[in-house]
Amino acid sequence: MVLQQLREEVAFYGKELVRQGMTLHTGGNLSAIDREQGLVAIKPSARPYESLTAAEITVIDREGQVVDGPYPPSSEWRMHLALYRAFPTAGAVVHCHSPHCCALAALGRPIPPVNHELCCYCSQPVAVAPFALAGTEALGQGAVEAMAGGNNVALLQNHGQVAVGATLWHAMDAAAAAELAAAMVCLGGPLGTLQWVPEQARQALRRHDPMLWGGRQIQAV
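Since the model is a prediction, treat every value here as computed from it, not as a measurement. (Residues numbered from 1 in each chain as written. Predicted model: local features only at pLDDT ≥ 70, side-chain atom pairs only at ≥ 80, totals over all residues. Heavy atoms only, no water.)

Caption draft 1: Region of interest: the overall build of the protein. From N to C terminus, the protein includes seven helices and eight strands. Radius of gyration (C-alpha) of the protein: 16 Å, near the 17 Å computed for a compact globule of 221 residues. Reported as C-alpha extents along the three principal axes, the dimensions of the protein are approximately 50 × 35 × 30 Å. Sorting the 221 residues of the protein into buried and exposed places 52% on the buried side. Intrachain contacts of the protein at a sequence separation of at least 6 include 67% that bridge at least 24 residues. By element, 56% of the accessible surface of the protein is carried by carbon and sulfur atoms, the whole surface being about 9700 Å². Averaging the positions of the 14 positive and the 18 negative side-chain charges in the protein gives two centres separated by 3 Å. (Helix = DSSP H or I, 4+ residues; strand = E, 2+ residues; numbered from the N terminus. Rg over C-alpha atoms; globule rule 2.2 N^0.38 Å. Buried < 20%, exposed > 50% of the residue type's maximum accessible area, 1.4 Å probe, protein only. Contact = heavy atoms within 4.5 Å. Areas by Shrake-Rupley, 256 points an atom, 1.4 Å probe, with all protein chains shown as cover. Lys, Arg positive; Asp, Glu negative; His and termini not counted. Charge placed at Lys NZ, Arg CZ, Asp CG, Glu CD.)

Caption draft 2: Representation of the side chain of Glu56 in the model. Its location among the elements puts Glu56 in the loop between strand 2 (39–42) and strand 3 (58–61). Lacking a salt bridge, the buried Glu56 has Arg47 as its closest oppositely charged neighbour, with an N-O distance of 4.6 Å. Discounting residues that sit within four places of it in the chain, Glu56 has contacts with Pro44, Ser51, Pro70 and Tyr71. (Salt bridge = Lys/Arg side-chain N within 4 Å of Asp/Glu carboxyl O.)

Caption draft 3: Quick peek at the pattern of salt bridges. Taken as a whole and judged by the stated rule, the model has three salt bridges. The salt bridge partner of Glu16 is Arg19, with a shortest N-O separation of 2.8 Å. One end of the pair, Glu16, and the other, Arg19, are both in helix 1 (residues 4–19), three residues apart, so they sit about a helical turn from each other. Residue classification places Glu16 among the buried residues on the basis of a relative accessible area of 13%. We classify Arg19 as exposed; its relative accessible area is 61%. The salt bridge involving Arg202 is made with Glu199; its shortest N-O contact spans 2.4 Å. Here the residue Arg202 and the residue Glu199 both occupy positions in helix 7 (residues 199–206), the gap between them amounting to three residues, near one helical turn. In this structure Arg202 comes out as buried when scored by relative accessible area, which is 13%. By relative accessible area, which is 41% here, Glu199 ends up partly exposed.

Caption draft 4: Seen up close, the packing of aromatic side chains. Under the definition given, this model contains one aromatic pair. On the basis of an interplanar angle of 85 degrees and a centroid distance of 5.0 Å, the ring pair of Phe12 and Tyr13 is categorised as edge-to-face. When its relative accessible area of 46% is taken as the criterion, Phe12 is described as partly exposed. Directly above the aromatic system of Tyr49 lies the positively charged group of Lys43, at a separation of 4.9 Å from the ring centroid. Of note, Arg47 hangs over the ring of Tyr71, and the distance from its end group to the ring centre comes to 4.0 Å. (Phe/Tyr/Trp six-rings, centres within 6.5 Å; stacked < 30°, edge-to-face > 60°. Lys NZ or Arg CZ within 6 Å of the ring centre and 35° of its normal.)

Here is the structure:
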């Protein structure tokens, strides 16, 4: 099977998105890239996560053409490819509709660095990409621009969030960190002023243990 390991990971972490309440039914999508082969394993369009098997994960090339798999790719494949082009050390993308991130995205409100987990993946508040229709080139370009300042996560206005990582584990971890920070804003904000993680600590966390990245950080071109 083409990209068997990556397809197994996409199927596994897709189920994790639902299990952890990060998305519902068929919403969102995720992928992982094999840069040597120039191929991407990506969730198929409109398929529920719970029943997905590795064999049902779609494999596309760098132009979005299907190489293997019984179903068409997620309608967001253009965004995934745009992120892989812009961040050549990224190995995976997770896009989900986690509720607190969705709330802040609809408000057009960035996520401030209020927990240490988020600071491992973001150098500054998580920016909100302008509204764009799902599946369009504009959506992908907006996500790229929202991450251009050194973040691995972006909010998509009126839509959700997207995260990149060295692996699907890291992209999932970044998305979970963003959702936790967004929940802190939604739940703690009405009670008072949320304190940001201090600048020096944010810088130290962003230079996290090199093993987090396998000796590398995600870098933009």
